[in-house]
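Architecture at a glance
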Amino acid sequence: MPKVLITRRWPSAVEAELQRRYELTVRDSSLSAAEWHSALNEYDAICPCVIDKITADMLTVLNPRTKIIANFGVGYNHIDLVAAAARGISVTNTPDVLTHATADLAMTLMFMLARRAGEGERQLRSHQWHGWYPTHLMGTQVTGATLGIIGMGRIGMAMAQKAHDGFGMKILYHNRKPVNESMVYAMKAEYCSDMDNLLQRSDFVAVHCPGGKNNRHMINAAALAQMQPHAFLINTARGDVVDESALVTALQQGQIAGAGLDVYENEPEVSQALLAMQNVVLLPHLGSATTATREAMGMRVVSNLDAFFSGQQLPDRVV
Ligand code: DGY
């Protein structure tokens, strides 16, 4: 049986499936560089996840036994793909299966921000709610508002569809090129080749592009300055797409109305300034966190491993 290492506990149904097929080792922490070097000589496959940063110096082993890194997650900006390819290691991910869970969470953030749900709950739980009154925690109407999507991939499109079909929202999107999909035409989503144009016109801006150096700080001080003072920023993609200190300044100066974040530049650290703000909703990277989705992600990894060890084409090859 091939030897497989997973770096964290996975849903038990998936661990059981892996155990049936492979000689499985389960860790509950990231590997140091030295541990990576020995793991690369010991295991046939290593299955990391988003919090395992896999840099080039972790992959320096010549002729490693590991020939596949099967990531538990769709994003792979934490893995140095060039270094993996140079060692002849294939990398796979888990697309599609977390699209709706992540888009649902982006909708959750949008509603929590708009309707001040976090503030309201904090007020009630701290016994500061003394009854209904006409100006209490007045929020923003979502239905009919304009949603700007940055990165119209699978998750961006799913959020756009939920927002359009369910809440009559007008959809703008910014992408490298217009998306030629019937779903995008059906919702009459408007392509903005110029991101500033989208930022200037949106009531809610949701970030859905991949992380990594090409998109690092795409939402910086200049971009935030384009947004309307009543607008909200939502990020369920990767923390480094948003310049977090520029975001803090924009919020402090009232340049935007609030932010809903599921991801952070230095996860799991969260800026003290953000923690202190009432108009910010902060979640602990929960995008794909439903039982069904996490099981499906695990099973997608299993399919990639099975394909690899039976010499078939990898369903979700990244490199
Ligand atoms: C992913 O899949 O990339 C998520 O961020 C982790 O669930």
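Conventions used here
- Residues numbered from 1 in each chain as written.
- Predicted model: local features only at pLDDT ≥ 70, side-chain atom pairs only at ≥ 80, totals over all residues.
- Heavy atoms only, no water.
- Helix = DSSP H or I, 4+ residues; strand = E, 2+ residues; numbered from the N terminus.
- Rg over C-alpha atoms; globule rule 2.2 N^0.38 Å.
- Buried < 20%, exposed > 50% of the residue type's maximum accessible area, 1.4 Å probe, protein only.
- Core = buried A, V, L, I, M, F, W, Y, C linked by side-chain atoms within 4.5 Å.
- Domains from an automatic or database assignment.
- Contact = heavy atoms within 4.5 Å.
- Near = heavy atom within 4 Å.
- Polar contact = N/O pair within 3.5 Å; in protein donor to acceptor, adjacent residues only side chain to side chain.
- Areas by Shrake-Rupley, 256 points an atom, 1.4 Å probe, with all protein chains shown as cover.
- Nonpolar A, V, L, I, M, F, W, Y, C, P; charged D, E, K, R; others polar.
- Pairing = 2+ DSSP bridges.
- Axes fitted to C-alpha atoms, helices over the stretch in contact; angles between N-to-C directions.
- Expected span 1.5 Å × (residues − 1).
- Arc of directions from axis to C-beta.
- Buried area = accessible area lost by both parts, 1.4 Å probe.
- Salt bridge = Lys/Arg side-chain N within 4 Å of Asp/Glu carboxyl O.

Here we look at the overall build of the protein chain
From N to C terminus, the protein chain includes 12 helices and 12 strands. Taken over the C-alpha trace, the protein chain has a radius of gyration of 21 Å; the compact-globule value for 319 residues is 20 Å, and the two agree within 12%. Summarising its shape, the C-alpha atoms of the protein chain cover approximately 65 × 50 × 35 Å along the three principal directions. By residue count, 48% of the 319 residues in the protein chain fall in the buried class.

Notes on the nonpolar core
Counting 52 residues, the largest nonpolar core has L147, M152, I171, F204 and L305 as its most contacted members. Two domains each put at least three residues into this core: domain 1 (3-97 + 291-309) and domain 2 (99-282). Apart from the residues lying within four places of it in its own chain, the contact partners of F204 are M110, A114, T140, Q141, V142, A145, T146, L147, G148, M169, F232 and I234. Core analysis: the second largest hydrophobic core is formed by 30 residues, M195, L233, V242 and L261 among them.

A closer look at the site of the ligand
Taken together, G73, V74, G75, L98, R238, H285, S288 and M297 are the residues near the ligand. In the environment of the ligand, an oxygen atom lies 2.8 Å from a nitrogen or oxygen atom belonging to the side chain of H285. The side chain of S288 places a nitrogen or oxygen atom 2.7 Å from an oxygen atom of the ligand. When the ligand is considered free in solution it has 230 Å² of accessible area, and contact with the protein chains removes 90% of it. When the residues that make up the shell around the ligand are grouped by side-chain class, the tally is three nonpolar, four polar and one charged.

Digging into the sheet that holds strand β3 (residues 45-47)
The sheet built from five strands is open, its strands ordered β2-β1-β3-β4-β5 with parallel pairing. If you trace the sheet from one side to the other, it starts and ends with β2 (23-26) and β5 (90-92), each paired once. If you compare each strand with its neighbour and ignore which way they point, the axes differ by 20 degrees on average. With three bridges connecting them, strand β4 (residues 68-70) and β5 associate as parallel partners. Looking at the pairing, I69 lines up with V91 of β5. Along the sheet, helix α1 (residues 12-21) makes contact with β1 (3-6) and β2, crossing β2 at roughly 140 degrees. On the sheet, helix α2 (residues 33-42) packs against β1, β3 and β4 and is oriented at approximately 135 degrees with respect to β3.

As for the environment of A83
Residue position: A83 is located in helix α3 (residues 81-86). For the pair A83 and I54, spaced 29 residues apart in the sequence, the C-alpha separation amounts to 9.4 Å. Apart from the residues within four sequence positions on either side, A83 is in contact with A56 and L59.

Some thoughts on the sheet that holds strand β10 (residues 232-235)
One key point about sheets: their strands pair by backbone hydrogen bonds, in either a parallel or an antiparallel sense. Judged by pairing direction, the sheet is parallel, and its seven strands sit side by side in the order β8-β7-β6-β9-β10-β11-β12 without closing on themselves. Whereas interior strands pair on both sides, the edge strands pair on one side only; in this sheet they are β8 (190-191) and β12 (280-282). Where β10 meets strand β11 (residues 258-261), four bridges bridge the pair, whose relative direction is parallel. When the bridges of β11 are listed, N235 appears paired with L261. Its contacts with the sheet put helix α4 (residues 99-114) on β6 (146-150), β9 (204-207), β10, β11 and β12, and the angle it makes with β10 is roughly 150 degrees. Packing against the sheet, helix α6 (residues 154-167) makes contact with β6, β7 (170-174) and β9, and its axis sits at approximately 170 degrees to β6.

Things to note about α6
Taking 1.5 Å as the rise per residue, α6 with 14 residues should run 20 Å; its terminal C-alpha atoms sit 19 Å apart, in good agreement. Listed as buried for α6 are I155, G156, M157, A158, M159, A160 and A163. In this structure, the buried residues of α6 make contact with α4, β6, β7, α7 (182-186) and β9. Count one or two residues on from α6 and you reach G168, which has phi positive near 60 degrees.

What to know about α1
Buried within α1 we find V14, E15, E17 and L18. Each buried residue of α1 sits inside an arc of 160 degrees when the element is viewed along its axis, so together they form one side. Exposed residues on α1 whose side chains face more than 90 degrees from its buried face are S12 and R20. Buried residues belonging to α1 abut β1, β2 and α12 (291-309).

A few points about the domain arrangement of the protein chain
Domain annotation of the protein chain identifies domain 1 (3-97 + 291-309) and domain 2 (99-282). Summarising the inter-unit geometry, the C-alpha centres of domain 1 and domain 2 are found 31 Å apart. Across the boundary between the two partners, domain 1 contributes eight residues, which contact seven residues of domain 2. Between domain 1 and domain 2, a total of about 590 Å² is buried, with carbon and sulfur atoms accounting for 45% of that surface. Here domain 1 and domain 2 share one salt bridge between them. Notably, a salt bridge pairs R154 with D96, separated by 3.7 Å at the nearest N-O pair. Viewed at the interface, domain 2 and domain 1 are joined by two residue pairs in polar contact (both at pLDDT 80 or more). Split into classes, the residues belonging to the side of domain 1 that touches domain 2 amount to four nonpolar, three polar and one charged.

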